[in-house]
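The residues making up each chain are set out below.
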Amino acid sequence: MDKKEYEAVENIKTHTSYNIELLARLIVSGASFLTLREKSIFLRFLLNDGENPLQNEKSFLDRFLSLTITDISLAVKRVFPRAKWSSSETLKKVRIAQKIMSAQQIFQTCYLDSDYPAMLREMRDPPFLLFYRGNLEILNRKCVSVVGTRRAGSSALKAATDFSKEACDEGFCVVSGLAFGIDGASHKGALLSQNPATCAVLPSGIDMITPQSHTKLAAKILERGGLIMSEYLPGTPSVQFRYVQRNRIVASLSPATVVIQAPMGSGAMITASLALDYNREVFFHKQCFSSEALAINQFSELQYKKKNTNTPQAFVDDGAAVIANFEEFKEVLNYGKG
């Protein structure tokens, strides 16, 4: 075998190994009943037949398709009496995800990889796998998560836009959830900067921009060197519980979360609570206490049968800082320029 033939064979082996590794990661990512530690064990189990690494995709798939929930239980040493598992159905979803990833240039990073966002490693329940489009390296900047209500008033929307633009001007990356209201204004503000960097975290597969009407905004984020991220397999629709799951990533990606305007019990207030749980700083913009906010709170009170204590004022009473702009935020955290 000459050098060219040898290199061709090695390239085929490398490509096959990568495909098997990707298949295994996607399979493990979809096993939502496993903990992070168990997913790591399951990944090693999938990639090795006894002591020997699997190098042939057909052998890998034949072995995988024979797996039952009992086999998984034995591998991770825990019983799952309520878990539903079908290897064939899982493989169908994974194959769909692979096609979407290839067509839309969607990449992935695993908890075991060196480029996995460092801040997420501090969570109790970090995603095993993250799917993304765009520039993952912007998360190496100082980050600030900017959140708030979908029903924000005009003054709050302006506050979110101004804060995010100024944050990017100072070298920050703005993290938010691409939702209507404050989220959208935050991303748009970041894009107004001459030094833009913004990350949008989705409650669905990365191929399904949520809300759909923010598809153009998502495209602009990518055009300006930003990042769109999700922990869900491509092809996964958004449902209610995934919004809270998304919020935990928004809260964890930054050392500080700023709530621009949010009524009691809202998703933004859940994000603030999660940020505190992760030992992050939480700030409230003065727009949380404006006449606009009061009207939004009165509307929200009608939705609750009993008094909700998850309010901006409750956080402030416990010591959270109130700020009027990015400069005040920077002063409180004692951040220098850049």
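Further up the page is the structure itself.
All figures in this text were calculated on a predicted structure; none of them were measured in a lab.

Let's talk about the pairing of strand 10 (residues 281-285)
Moving residue by residue along a regular strand, the side chains alternate between the two faces of the sheet. With respect to burial, strand 10 is a largely interior element, four of its five residues being buried. Pairing between strand 9 (residues 256-259) and strand 10: four bridges, direction parallel. Pairing of Val258 across the sheet is with Phe283, part of strand 10. For the handedness criterion, the β-α-β arrangement of strand 9, helix 10 (residues 267-277) and strand 10 is classed as right-handed. As defined by bridge partners, strand 10 adjoins strand 11 (residues 321-323) across three bridges and the pair is classed as parallel. When the bridges of strand 11 are listed, Phe283 appears paired with Ala321.

A short note on the sheet that holds strand 7 (residues 198-201)
Read from one edge to the other, the open sheet built from nine strands follows the order 3-4-8-7-6-5-9-10-11, with strand pairing classed as mixed. Since the sheet does not close on itself, it has two edges, and those belong to strand 3 (107-110) and strand 11, each with one partner. Taken pair by pair, the neighbouring strands of this sheet meet at an average axis angle of 30°, ignoring direction. As defined by bridge partners, strand 6 (residues 172-176) adjoins strand 7 across three bridges and the pair is classed as parallel. Across the sheet, residue Val175 finds its bridge partner in strand 7, namely Cys199. Contacting strand 5 (142-147), strand 6, strand 9, strand 10 and strand 11, helix 6 (residues 154-169) runs over the sheet at an angle of about 145° to strand 6. Taken strand by strand, helix 9 (residues 240-252) contacts strand 4 (129-134), strand 5, strand 6, strand 7 and strand 9, and its axis lies near 155° from that of strand 7.

As for the packing of aromatic side chains
A full pass over the atoms with the stated rule returns 14 aromatic pairs. Seen from their ring centres, Phe42 and Phe45 are 6.4 Å apart, and the 25° between their planes marks the pair as stacked. In this pair, Phe42 and Phe45 are both assigned in helix 2 (residues 36-47), three residues apart and thus about one turn of the helix distant. Take Phe45: its relative accessible area is 24%, and that puts it in the partly exposed class. With a centroid separation of 5.0 Å and an interplanar angle of 70°, the aromatic rings of Phe283 and Phe329 are classed as edge-to-face. Separated by 46 residues along the polypeptide, Phe283 in strand 10 and Phe329 in helix 13 (residues 326-333) bring together distant segments of the chain. Each member of the pair, Phe283 as well as Phe329, is classed as buried. Cluster of aromatic residues (ring-pair linked, three or more members): Phe33, Phe42, Phe45, Phe64, Phe80 and Trp85. Positioned above the aromatic ring of Phe45 is the side chain of Arg63, whose terminal nitrogen or guanidinium carbon lies 4.5 Å from the ring centre. Its guanidinium or amino end placed over the ring of Tyr111, Arg121 lies 5.0 Å from that ring's centre, counting from NZ or CZ.

Conventions adopted
- Residues numbered from 1 in each chain as written.
- Predicted model: local features only at pLDDT ≥ 70, side-chain atom pairs only at ≥ 80, totals over all residues.
- Heavy atoms only, no water.
- Buried < 20%, exposed > 50% of the residue type's maximum accessible area, 1.4 Å probe, protein only.
- Helix = DSSP H or I, 4+ residues; strand = E, 2+ residues; numbered from the N terminus.
- Pairing = 2+ DSSP bridges.
- Right-handed = clockwise from strand over helix to strand, strands pointing away.
- Axes fitted to C-alpha atoms, helices over the stretch in contact; angles between N-to-C directions.
- Contact = heavy atoms within 4.5 Å.
- Phe/Tyr/Trp six-rings, centres within 6.5 Å; stacked < 30°, edge-to-face > 60°.
- Lys NZ or Arg CZ within 6 Å of the ring centre and 35° of its normal.

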